[in-house]
There are 2 protein chains.
Amino acid sequence: MNGPATFSPLYRQIKSLITDRLQAGEWKPGEAIPSETDLAQRFGVSQGTVRKAIDELAGENLLVRRQGKGTFVASHREARAQFRFLRLRPDEGEAVQPESTVLECRRLRAPIEIARRLEMRPGDSAVLVQRRLSFSGEATVLDSIWLPGAPFKGLTAERLDAYHGPLYGLFEAEFGVRMIRCEERLRAVAADAQAVELLGVAPAEPLLLVDRTSYTYGDRPVEVRRGLYVTRRMHYHNELS
Amino acid sequence: MNGPATFSPLYRQIKSLITDRLQAGEWKPGEAIPSETDLAQRFGVSQGTVRKAIDELAGENLLVRRQGKGTFVASHREARAQFRFLRLRPDEGEAVQPESTVLECRRLRAPIEIARRLEMRPGDSAVLVQRRLSFSGEATVLDSIWLPGAPFKGLTAERLDAYHGPLYGLFEAEFGVRMIRCEERLRAVAADAQAVELLGVAPAEPLLLVDRTSYTYGDRPVEVRRGLYVTRRMHYHNELS
DNA sequence: TAGTGGTCTAGACCACATA
DNA sequence: ATGTGGTCTAGACCACTAG
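Residues numbered from 1 in each chain as written. Chains lettered and ligands numbered in written order. Predicted model: local features only at pLDDT ≥ 70, side-chain atom pairs only at ≥ 80, totals over all residues. Heavy atoms only, no water.

**Comments concerning the sheet that holds strand β1 (residues 32-33) of chain A**
Residue and element names in this part refer to chain A.
- Read across the sheet, three strands follow the order β1-β3-β2 without closing on themselves; strand pairing throughout is antiparallel. Looking at which strands have only one partner, the edges of the open sheet turn out to be β1 and β2 (63-66).
- Pairing between β1 and strand β3 (residues 70-73): two bridges, direction antiparallel. Following the sheet pairing, alanine 32 is matched in β3 by phenylalanine 72. (Pairing = 2+ DSSP bridges. Helix = DSSP H or I, 4+ residues; strand = E, 2+ residues; numbered from the N terminus.)

**So, the confidence of the model for chain A**
- For chain A, mean pLDDT is 95; residues scoring 70 or higher make up 97% of the total.
- Overall, residues 1-6 of chain A carries pLDDT values under 50, and its contacts beyond four positions in sequence, including any with other chains, amount to nine contacts. (pLDDT = per-residue confidence, 0-100. Contact = heavy atoms within 4.5 Å.)

**Here's the deal with the environment of Leu118(A)**
- With respect to the element layout, Leu118(A) can be found in the loop between α4 (112-117) and β6 (125-135).
- C-alpha separation for the pair Leu118(A) and Glu223(A), spaced 105 residues apart in sequence, amounts to 6.9 Å.

**Describing the pattern of salt bridges**
Residues and elements named next belong to chain A.
- All told, the structure shown has 52 salt bridges over all chains when counted by the stated rule.
- Between glutamate 138 and arginine 233 there is a salt bridge, with the nearest N and O atoms lying 2.5 Å from each other. With glutamate 138 in strand β7 (residues 138-148) and arginine 233 in the loop between β10 (220-229) and β11 (234-240), the pair connects residues that are 95 residues apart, well separated along the chain.
- What makes glutamate 138 partly exposed here is its relative accessible area of 33%.
- By relative accessible area, arginine 233 is classed as exposed at 53%.
- Members of the salt-bridge network, linked through shared partners, are Arg12, Lys15, Glu56 and Glu60. (Salt bridge = Lys/Arg side-chain N within 4 Å of Asp/Glu carboxyl O. Buried < 20%, exposed > 50% of the residue type's maximum accessible area, 1.4 Å probe, protein only.)

**So, the packing of aromatic side chains**
- Counted under the stated rule, the structure contains eight aromatic pairs over all chains.
- Between Phe85(B) and Tyr168(B) the ring centres are 5.7 Å apart and the planes differ by 75°, which places this aromatic pair in the edge-to-face class. With Phe85(B) in the loop between β3 (70-73) and β4 (88-90) and Tyr168(B) in helix α6 (residues 167-174), this residue pair connects regions lying 83 residues apart in the sequence. When sorted by exposure, Phe85(B) lands in the same class as Tyr168(B), which is buried.
- Ring geometry for Phe152(B) and Phe175(B): centres 5.3 Å apart, planes at 45°, overall tilted. Residue Phe152(B) is located in the loop between β7 (138-148) and α5 (157-162), and its partner Phe175(B) is located in the loop between α6 and β8 (181-190); the two are separated by 23 residues in the primary sequence.
- Residue classification places Phe152(B) among the buried positions, given a relative accessible area of 0%.
- Linked through ring pairs, Phe85(A), Phe152(A), Tyr168(A), Phe171(A) and Phe175(A) together constitute an aromatic cluster.
- Just above the ring of Phe85(B) sits the side chain of Arg84(B); from NZ or CZ to the centre is 4.8 Å. (Phe/Tyr/Trp six-rings, centres within 6.5 Å; stacked < 30°, edge-to-face > 60°. Lys NZ or Arg CZ within 6 Å of the ring centre and 35° of its normal.)

Structure representation (structure tokens):
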């Protein structure tokens, strides 16, 4: 445990060991991991050191602590995670769950820019999903989602239609791909012909373009998503601190 | 220290005591606060308890720890804080500091909606600052900033012109108002006549509208800011986790 | 009642900055 | 050499959950 190869505090080495097990799927989303005292014995360190490692992992939303019950692997299929990666909120009233309509799900060769962002070779197999989100019956978001073909083998429109809930919940449950964090670039653009047709907005109406890259364990990019948001009665909410 | 009045862990009570002193201005931005052992003695608790209180305050960016040197009151006039509240970045290349041009600085009665958001009475004195930000000489942001009149007595266009650096640095140094966190609502809008004139964009060009409310200690709102961003060569950057 | 995470303590030692 | 924050330990006790 005191390996000189990695010069970092003990609790970070423990953290790394736990992360490795999470990545390997030893403990699945929603399941409890062993207790702090159990882990401390396994790793041959004190409970406080394990605690500090778990503290950081909980802070990064990889684990969730529940007093009296245990520590659990975070899951996208939980109420508390529903709006973490969807920042669109109504100007008035409470946030509501969107209904999703899958417009398309195709396998094709990754265009060069997508390949670059997903760290694939151009021409590698990729999946393109197009979908529309409606809030209270109002078409609001048009998403173009690019995924690497290999880990998402078996993803079809039927599979997407059959699943209800956040997409990342499906990904973690069916494909073992857990989204950890995202980077987004936002800008204002004019609605193009496709947006006019599928969102029912006026030609050239200003739309919010949200360009996202999502990462899984080890900061590996596994999704590129381009969303067009109608922001007439909803807005993108952000907190700075 | 074990007062039964507030039922919360000891370290949170300590945290609250430290926050009170910060709010009272006992320790100013950029200054060091007493050492952990010193504070532990003052408050009659162990060093570990003070440590946990400071941990949380550092996590909220109110304090900054520097190993070997001490713990310091966070300041907006520091390199590391420069881009925390300005999320606009160039599509290519490194972030650059904007140049600010003050277009207007007027004192007037707060309109009803501004008063509501600043928790003032309609008609109370307020300050309206209009400014333009340019990045590498390119006009990019048009800000309308509303502040409560009382704490910002003495704020003038001349004062603003004389100061170089982030606005929040001026606010904390000259007016003792420290911005802690912001809430932002983003949407896409068409450029109006004023934006066309002052930003040099085409009529109805899509712009990113950023509507911000800023809070100081005790979650008291002290700024309402409406920014129009040109997002042709820059974008609003956000991280989700 | 037993097991879990949450708090608090006391003390030892390490890493870093400064004089 | 001294003072600061950073790490690690061991143990006691509290708060919450569930059988």
